[in-house]
Amino acid sequence: MQVFATFIIILVVFAVILIANAIRILREYERGVIFRLGRLIGVKGPGIIFLIPMVDRMIKVSLRTVVMDVPPQDVITKDNVSIKVNAVVYFRVVQPDKAIVEVENFLFATSQLSQTTLRSILGQSELDELLAARDKINAELQKMIDLQTESWGIKVSNVEVKHIDLPVEMQRAMARQAEAERERRAKVIHAEGEFQASQRLADAAGVIESHPISLQLRFLQTLTEIASEKNSTTIFPVPIDLISTFIDMYKKSTDGNNKKK
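Criteria and thresholds
Residues numbered from 1 in each chain as written. Predicted model: local features only at pLDDT ≥ 70, side-chain atom pairs only at ≥ 80, totals over all residues. Heavy atoms only, no water. Helix = DSSP H or I, 4+ residues; strand = E, 2+ residues; numbered from the N terminus. Buried < 20%, exposed > 50% of the residue type's maximum accessible area, 1.4 Å probe, protein only. Areas by Shrake-Rupley, 256 points an atom, 1.4 Å probe, with all protein chains shown as cover. Axes fitted to C-alpha atoms, helices over the stretch in contact; angles between N-to-C directions. Parallel < 35°, antiparallel > 145°, perpendicular 65-115°, else oblique. Left-handed = near helix turned anticlockwise from the far one by under 90°. Contact = heavy atoms within 4.5 Å. Nonpolar A, V, L, I, M, F, W, Y, C, P; charged D, E, K, R; others polar. Pairing = 2+ DSSP bridges. Polar contact = N/O pair within 3.5 Å; in protein donor to acceptor, adjacent residues only side chain to side chain.

Draft legend 1. Spotlight on the overall build of the chain. Of regular secondary structure, the chain possesses eight helices and eight strands. Within the chain, the fraction of its 261 residues that count as buried is 23%. Here the chain displays about 18,900 Å² of accessible surface, and carbon together with sulfur accounts for 59% of that area.

Okay, here's the thing in structure tokens:
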């Protein structure tokens, strides 16, 4: 009787173990890739999954977006500048069966592919393009990596170049270039202002020439401005035509005296 009870207990324990191995619960973001006797039979989940003990084997795959940091890479740009660049890659598994069957370790494979593609794409670009056209570089990286990971059932949604580490000498050269560019712009703006001012002065001279009385009005306005400052000295502009009469009289008298001599 005791032997029979022991046998029953062993059977119950064995049944519990079989049931525990046969039932799997997958979360909403998980999928189970099922192999039966080594053959792929499909993808199941989420929820409760029933497996045949000792026959079926399940591998869990997460469908959530993976944020992978690409370590700094030594890159020589198209214009022969040595830089260090790191990036971040956003991707997710869209076909769990391919991610398990087509590649041994899709996380490691994607990381290595991202590093090599980063060096390749940035090596074909010049430094100014890397600094000014960051969005274009990111889009090209995303397209190239996604094209190669598509056969693995992985979708690369975004690639961002995070930091570009420039040599100290290059940073100094770029600082001098930026300073020279600012000086050039300042000189151009100053010259443009002088040119516009000269145009306005020429227009004002044309108005005064066509209306001589406006020059006298300008004289009176200048006197008003000087008087408003409470100065002890008042400058009164005298027209040149008024003085020219006396100059002509002086010249005539001088010429007459010379002829008499």
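And the narrative resumes.
Draft legend 2. Representation of the packing of helix α3 (residues 106–123) against helix α5 (residues 134–149) within the structure. Between α3 and α5, whose axes approach to 10 Å, the crossing angle comes to 135°. Comparing their axes, α5 and α3 come out oblique. Of the two elements, α3 crosses α5, and the hand of that crossing is right-handed. Contact residues: T110, L113, S114, T117, L118, I121 and L122 in α3; I137, E140, L141, M144, I145, Q148 and T149 in α5. A class-by-class count of the residues in the contact of α3 with α5 yields eight nonpolar, five polar and one charged.

Draft legend 3. Region of interest: unusual backbone geometry. The omega torsion of the bond from G45 to P46 falls at 0°, within 30 degrees of zero and hence cis. Its place among the elements puts P46 in the loop between β3 (39–44) and β4 (47–50). Backbone geometry at L37 places phi at a positive 55°, although glycine is not the residue there. By relative accessible area, which is 68% here, L37 ends up exposed. For N80, which is not a glycine, the phi torsion comes out positive at approximately 60°. By secondary structure assignment, the location of N80 is in the loop between β6 (66–76) and β7 (82–93).

Draft legend 4. Examining the sheet that holds strand β2 (residues 30–36) more closely. If you trace the three strands from one edge of the open sheet to the other, you get β3-β2-β5, paired in antiparallel fashion. Since the sheet does not close on itself, it has two edges, and those belong to β3 and β5 (56–62), each with one partner. Across the sheet, the mean angle from the axis of one strand to that of its neighbour is 25°, orientation sign disregarded.

Draft legend 5. Representation of the environment of D79 in the model. Mapped onto the secondary structure, D79 falls in the loop between β6 and β7. The sequence separation of D79 and Q124 amounts to 45 residues, and the corresponding C-alpha distance is 9.0 Å. Once residues within four sequence positions are removed from consideration, D79 is found in contact with E126 and L127. A distance of 2.5 Å separates the side chain of D79 from the side chain of T77, its partner in a polar contact. Only 3.4 Å separates the side chain of D79 from the backbone nitrogen of L127, close enough to count as a polar contact.

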